Every structure is written in C-alpha cells, then in structure tokens.
Amino acid sequence: MFRHAFFALALFSGAALVHADSPTASSPTDLAAYTQQIKQLRDARVARLTSPNGWLSLIGLEWLKVGANRVGAAADNDIVLKAGPAHLGTVTLGKDGILHIALAKDSGATIDGKTVADAVLIDDAHATGTTNPTMVSFGHANFYVIDRDGRKALRVKDSDAQTRTHFLGLDYFLIDPSWRITADWVPFNPAHKMEIGSVIGTIDKVDVPGKAVFKRDGHTYELMPYQEEPGGDLFFVIADRTSGKETYGAARFMDVPLPKDGKVILDFNLAYNPPCAFTPYATCPLAPPENRLDLRVTAGEEKYRGGHPH
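Because the structure is a prediction, the values reported are computed rather than measured.

### Looking at the overall build of the chain
And then number 1: Helices and strands together make up the secondary structure of the chain, namely two helices and 17 strands.
And then number 2: The buried share among the 310 residues of the chain stands at 49%.
And then number 3: Within the chain, contacts between residues at least 6 apart in sequence are counted, and of these 61% link residues at least 24 apart.
And then number 4: Approximately 14100 Å² of the chain is accessible, and the part contributed by carbon and sulfur atoms is 52%.

Now the structure itself:
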C-alpha cells in the first residue's frame, strides 16, 4: 500500500477541519472565516515541508542490490552519498529480504540515536504503528530503508539540502468557495479494486470503498478514493485539465473526511502537490484513469516554481 510511500509525511491532516458544518461562504463573515481556515492549513503544510526532516530534505533514493552494498561519500563506494563520511559502512541485503548494516570504524554515525557498530535495519514496509524504520544518522544527514514492491532502497535526507535551503514557496489559485463541493457518496459493497501506478513504475491494487459523484457546470463527474489506513480519511489521487500546465502533471492529492449521511465534502481548495513535485527522490502515485477529470480544477496548489522535470 502507498501508506509506506509517505512515511514521515503528515498528509495535510488539518484538512479534516473543513467538515460539512464549516463555513459555506454564504456571508462575508463566513467567507472570511473559511479563507482564514484555508490559509492556516497552508501555513502548516509549508512548515512540514520545510522542517529539517521534511520532503524538501531528500537528497537520494539509492536502490540496494542483494549482497553487500558499500555506502559513503567517496567514489569507490557501491552507493555514493551526497553527504556524510567517505566510508560510512556496508548495508547487506539478504536473499530473504533481511537487511543488516555494519558501520565503518570512525564513521561517526548512529543507529536510532545509539552509538553501535552494527544492527538489523527495519524498512518502512515492516515498521509497525509504534516502530519507525531504522534511522542511520551522520552529521546533518540520515537515511532509512524503504520497500517498494519488494525492492529496497535507501531514502537519504539532509537538512542542508538545496531543495530545502532554496525553497521558493507555494503558489495557489485564488481561494474559491464554489470549489468546496458537497458530493453524493456511492458506497461499494464489496469494495472495488483500482490499480495505482507510481513514478517508479510500480503498480498497486487498492480497495476503493465507494465513489464521490458531483456536478460542475452542468456536467457530472466521479472520483474514487482509497484509505491509507483502515477507518482513516478518504485519499484521492487526482488529475484534471490543468495538470502539466498550471498544476503538477502527475497528480494532486486530497484528504477528505469520511462520508456523512450519504454525502462527502470535496474541497478542491485543499488539493496539494505530492512530494514528487519538489524532489526526484520520492516514489509518488500517479492519478489513475478513473480520477482524471475532463475539467479544469482551478483551485488548490499550483505547479511548484522550483520544480524539476520528473
């Protein structure tokens, strides 16, 4: 599931503040309150992105081969890092998928904050709700292992990454209450299956609990979500006719509170870019065909000015 793809990302969780009983902009006071609420959520998003360990700190996505992988900043390593000591150590990937790291002498690195010589590495797919992936830290940089469809990679972060220190800020369409839409919720029983591709070529099959049906300019549209966690918010991966032009081409995301009384609130003012809009080292999902709207959604986050051709 793609929940592993977003480890350490707070997926705009504040979006849940905008429920069906929130301001509907029917009066100037309501509009002011609604606008202020959206701005607060956007400020919180920027704070997460620019945090020392946020998505802007990514400096590498290094795929591991079975066997020994020598890791460090020197050119003679199997995996050459953009930060850290010349020879950090060796990460060994067993045929059974078990990972082990042996740190080089005097590397200065720690493992989960402890000064030890070696350890088993837990990747993000095998971390539990109370256990994070094993973190290897060195100076202002660190890495942990991610698992994508059985492939393992080092996700490397550096608080001094240029993507973080030279962040250009986020741009948005004007806040428009008309894009806060009350949609009909059509549940699926049993859940439908939907294929979600990713920028690294993997395909996941996710359970879709239902669909949101809404009208815009006299036309009817449908969107299908899945849930990152059982019982959690609905997660929409969408594209529209602004994609690749005014907005990021691969997809935008929306986190939406669960349906109530057969209705679900789709607030496109809260649509936001995936990590891949900011860095080539993320593994984001692509909008599935079911969620590619033949409609210009002129709301939410626009294309990042400092983006890359990922």
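Alright, that's what it looks like, and here's the rest.
### A closer look at the side chain of R148
And then number 1: Relative to the helices and strands, R148 resides in strand β9 (residues 141-148).
And then number 2: Residue classification places R148 among the buried positions, given a relative accessible area of 7%.
And then number 3: At 3.0 Å, the side chain of R148 and the side chain of D124 are in polar contact.
And then number 4: One polar contact links R148 to T283, side chain to side chain, over a distance of 2.9 Å.

### Concerning the confidence of the model for the chain
And then number 1: In the predicted model, the chain carries a mean pLDDT of 90, and the fraction of residues at 70 or more is 89%.
And then number 2: The model gives residues 1-26 a pLDDT under 50, and that stretch makes 81 contacts with residues more than four places away or in other chains.

### Some points on the sheet that holds strand β1 (residues 58-63)
And then number 1: If you trace the five strands from one edge of the open sheet to the other, you get β1-β10-β9-β8-β6, paired in antiparallel fashion. Two strands close off the open sheet at either side, each with one partner strand: β1 and β6 (110-111).

### Quick word on the pairing of strand β5 (residues 99-103)
And then number 1: Of the two faces of β5, only the one carrying L99, I101 and L103 is buried; H100 and A102 on the other face are not.
And then number 2: Where strand β4 (residues 89-93) meets β5, five bridges bridge the pair, whose relative direction is antiparallel. Counted as the bridge partner of T92 is H100 from β5.
And then number 3: Where β5 meets strand β7 (residues 118-121), four bridges bridge the pair, whose relative direction is antiparallel. Note on β7: the bridge partner recorded for H100 is V120.

### So, the sheet that holds strand β14 (residues 226-227)
Whenever strands of a sheet pair, they do so through backbone hydrogen bonds, lying parallel or antiparallel.
And then number 1: Read across the sheet, three strands follow the order β14-β15-β16 without closing on themselves; strand pairing throughout is antiparallel. Of all strands in the sheet, those bounded by a partner on one side alone are β14 and β16 (252-256).
And then number 2: Where strand β15 (residues 234-238) meets β16, five bridges bridge the pair, whose relative direction is antiparallel. If you follow V237 over to β16, its bridge partner there is F253.

About the thresholds
- Residues numbered from 1 in each chain as written.
- Predicted model: local features only at pLDDT ≥ 70, side-chain atom pairs only at ≥ 80, totals over all residues.
- Heavy atoms only, no water.
- Helix = DSSP H or I, 4+ residues; strand = E, 2+ residues; numbered from the N terminus.
- Buried < 20%, exposed > 50% of the residue type's maximum accessible area, 1.4 Å probe, protein only.
- Contact = heavy atoms within 4.5 Å.
- Areas by Shrake-Rupley, 256 points an atom, 1.4 Å probe, with all protein chains shown as cover.
- Polar contact = N/O pair within 3.5 Å; in protein donor to acceptor, adjacent residues only side chain to side chain.
- pLDDT = per-residue confidence, 0-100.
- Pairing = 2+ DSSP bridges.

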